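Each chain, written out:
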Amino acid sequence: MTDSASTRRRFLAETGKLAGAGWLSLNAPMLLAAGEAAAKQKAAGSGWVNMSVAQAKGFGAVADQIIPPDDLPGASDAGVVYFIDNALGGFAAGMSKPLKTGLQVLNSRTMEEFGEDDGFAALPFSRQTGVLRTVEDRPFFQMMIFLTHCGMFAMPSWGGNRDKAGWALLGFENLHAWQPPFGFYDAE
């Protein structure tokens with residue numbers, strides 16, 4: 001690989017990080033509000049506000065495909081669906097219709113291919129993976145990845161990341177204070 005290609009890729013990667021950081025900083029209050037509402041909803045044991053029970057199952061199945069359960073909880077066990085429910089009534093309200101339409105498409109494909117009346121969520125995990133491969137390049141799936149990551153790795157008080165499961169996946173410890181050295185560059 002040439003140095004110019006490496007430099008161009010590095011530039012694009014850094015620009016993407018800056019754009020993402022800028023979006024997060026501009027939308028942090030909306031993310032906080034959605035998270036706090038999700039935490040209250042989860043704590044109260046409330047029903048779904050911005051989706052039906054069937055939609056919640058479907059979104060949970062998709063989220064579990066993105067971050068599947070294994071020895072640690074998957075996305076739906078970590079409360080991501082509560083986060084998505086509140087986000088659809090807040091900062092992600094514009095995503096509500098495309099997400100619900102995308103889920104309908106998944107359910108229709110499930111019915112056509114497998115004759116499953118109960119929708120995408122009723123399929124075995126491996127078949128869900130196959131169905132999702134047909135839509136992985138569509139905006140629906142990209143929005144689900146974004147919302148799943150937001151809900152999985154956010155502060156637990158925001159409604160997702162139940163029992164700090166997302167942080168456990170990353171090996172992150174939420175300490176009150178950190179002692180130096182913080183990294184290899186601080187060691188000397």
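Owing to the predicted nature of the structure, the values given are computational and were not obtained by experimental measurement.

### What about the packing of helix H3 (residues 80-88) against helix H6 (residues 139-153)?
Stage number 1. Closest axis-to-axis distance for the H3/H6 pair is 8 Å, and the angle between their directions is 115°. Both H3 and H6 take part in a crossing whose hand is right-handed. Counting all contacts with H3, which are made through Val80, Phe83, Ile84 and Ala87, the residues of H6 involved are Met144, Leu147, Thr148, Cys150, Gly151 and Met152.
Stage number 2. Its residues placed into classes, the contact of H3 with H6 shows 8 nonpolar, 2 polar and no charged.

### Observations concerning the side chain of aspartate 64
Stage number 1. With respect to the helices and strands, aspartate 64 occurs in helix H2 (residues 53-66).
Stage number 2. Among buried charged residues, aspartate 64 stands out as having no salt bridge; its nearest opposite-charge side chain is arginine 162, 9.8 Å away.
Stage number 3. A distance of 3.0 Å separates a polar side-chain atom of aspartate 64 from the backbone nitrogen of alanine 75.
Stage number 4. Contacts of aspartate 64, omitting those with residues within four sequence positions, involve Pro69, Gly74, Ala75, Ser76 and Phe125.

### Observations regarding H6
Stage number 1. Taking 1.5 Å per residue as the helical rise, H6 with its 15 residues ought to reach 21 Å, and the 21 Å between its terminal C-alpha atoms agrees with that figure.
Stage number 2. Of the residues making up H6, those classed as buried are Phe140, Phe141, Met143, Met144, Leu147, Thr148, Cys150, Gly151 and Met152.

### Let's talk about unusual backbone geometry
Stage number 1. Of note in the backbone geometry, aspartate 163 takes a positive phi value of approximately 55° without being a glycine.
Stage number 2. With respect to the helices and strands, aspartate 163 occurs in the loop between H6 and helix H7 (165-170).
Stage number 3. The phi dihedral of lysine 164 is positive, around 60°, even though this residue is not glycine.
Stage number 4. Within the element layout of this structure, lysine 164 appears in the loop between H6 and H7.
Stage number 5. Residue lysine 164 is classed as partly exposed on the basis of its relative accessible area of 41%.

### What about a nonpolar patch on the surface?
Stage number 1. Nonpolar side chains collect at one region of the surface, where Leu169, Leu170 and Phe172 lie side by side and expose about 280 Å² of accessible area between them.
Stage number 2. Secondary-structure assignment places phenylalanine 172 in the segment after H7.

### Observations regarding the confidence of the model for the protein chain
Stage number 1. For the protein chain, the average pLDDT comes to 81, and 69% of its residues sit at 70 or higher.
Stage number 2. Per-element confidence in the protein chain is highest for H2, whose mean pLDDT is 95, and lowest for helix H1 (residues 3-44), whose mean pLDDT is 61.

### Remarks on the environment of alanine 63
Stage number 1. With respect to the secondary-structure elements, alanine 63 resides in helix H2.
Stage number 2. Taking the C-alpha atoms as reference points, alanine 63 and phenylalanine 141, 78 residues apart in sequence, are found 9.7 Å from one another.
Stage number 3. Here alanine 63 is in contact with Ala75, Val80, Met144 and Thr148, once residues within four sequence places are set aside.

### Some thoughts on the nonpolar core
Nonpolar side chains in soluble globular proteins tend to end up buried together.
Stage number 1. Counting 35 residues, the largest nonpolar core has Val62, Leu99 and Leu106 as its most contacted members.
Stage number 2. Every element with two or more residues in this core is listed here: H2, H3, helix H4 (96-114), helix H5 (125-133) and H6.
Stage number 3. Of the residues forming this core, the biggest block, 7 residues, is contributed by H6.
Stage number 4. Dropping the residues within four chain positions of it, leucine 99 is found in contact with Phe59, Leu88, Phe140, Met143, Met144 and Leu147.

### Focus on the packing of H4 against H5
Stage number 1. In contact at an axis separation of 10 Å, H4 and H5 are set at 115° when each is read in the N-to-C sense. As H4 runs across H5, the sense of the crossing is right-handed. Between H4 and H5, the contacting residues are Leu106, Arg109, Thr110 and Phe114 on the first element and Arg127, Val131 and Leu132 on the second.
Stage number 2. Looking at side-chain class alone, the contact of H4 with H5 contains 4 nonpolar, 1 polar and 2 charged residues.

What counts and how
- Residue positions are given per chain, counted from 1 along the sequence in the order it is written.
- Residues qualify for local features only when their pLDDT is at least 70, as the model is predicted, and side-chain atom pairs are given and counted only at 80 or more; totals for whole chains, interfaces and linings, by contrast, use all residues.
- To get the side-chain values, take all heavy atoms of the structure and skip hydrogens and water.
- Lines are fitted to the C-alpha atoms to define the axes, a helix being fitted only along its stretch in contact, and any angle between axes, read from their N-to-C directions, falls within 0 to 180 degrees.
- Runs of E in the DSSP output that reach at least two residues are strands. Runs of H or I that reach at least four are helices, and both are numbered from the N terminus.
- Crossings are classed by handedness, with left-handed meaning an anticlockwise turn of the near helix from the far one by less than a right angle and right-handed meaning a clockwise turn.
- Residues are treated as being in contact if the distance between any of their heavy atoms lies within 4.5 Å.
- Side-chain classes follow a simple rule in which Ala, Val, Leu, Ile, Met, Phe, Trp, Tyr, Cys and Pro form the nonpolar group, Asp, Glu, Lys and Arg form the charged group, and the remainder, Gly included, forms the polar group.
- Using a 1.4 Å probe on the protein chains alone, a residue whose accessible area is under 20% of its type maximum counts as buried, one over 50% counts as exposed, and one in between counts as partly exposed.
- We count Lys and Arg on the positive side and Asp and Glu on the negative side, and we leave His and both chain ends out.
- Salt bridges are defined as contacts in which a side-chain nitrogen from Lys or Arg sits within 4 Å of a carboxyl oxygen from Asp or Glu.
- Pairing of N or O atoms within 3.5 Å defines a polar contact, subject to two protein rules: one partner must be a possible hydrogen donor and the other a possible acceptor, and residues neighboring in sequence count only if both atoms are side-chain atoms.
- What a helix should span is 1.5 Å times the count of its residues minus one.
- Two joining distances apply to patches: 9 Å for like charges and 5 Å for nonpolar side chains (Val, Leu, Ile, Met, Phe, Trp, Tyr), and every residue must have over 30% relative accessible area and no salt bridge.
- Accessible surface is estimated by sampling points in the Shrake-Rupley manner with a 1.4 Å probe; for residues, cover comes only from the protein chains shown.
- pLDDT expresses how confident the predictor is about each individual residue, on a scale running from 0 to 100.
- Only buried residues count toward a nonpolar core. Its members are Ala, Val, Leu, Ile, Met, Phe, Trp, Tyr and Cys residues joined through side-chain atoms within 4.5 Å.

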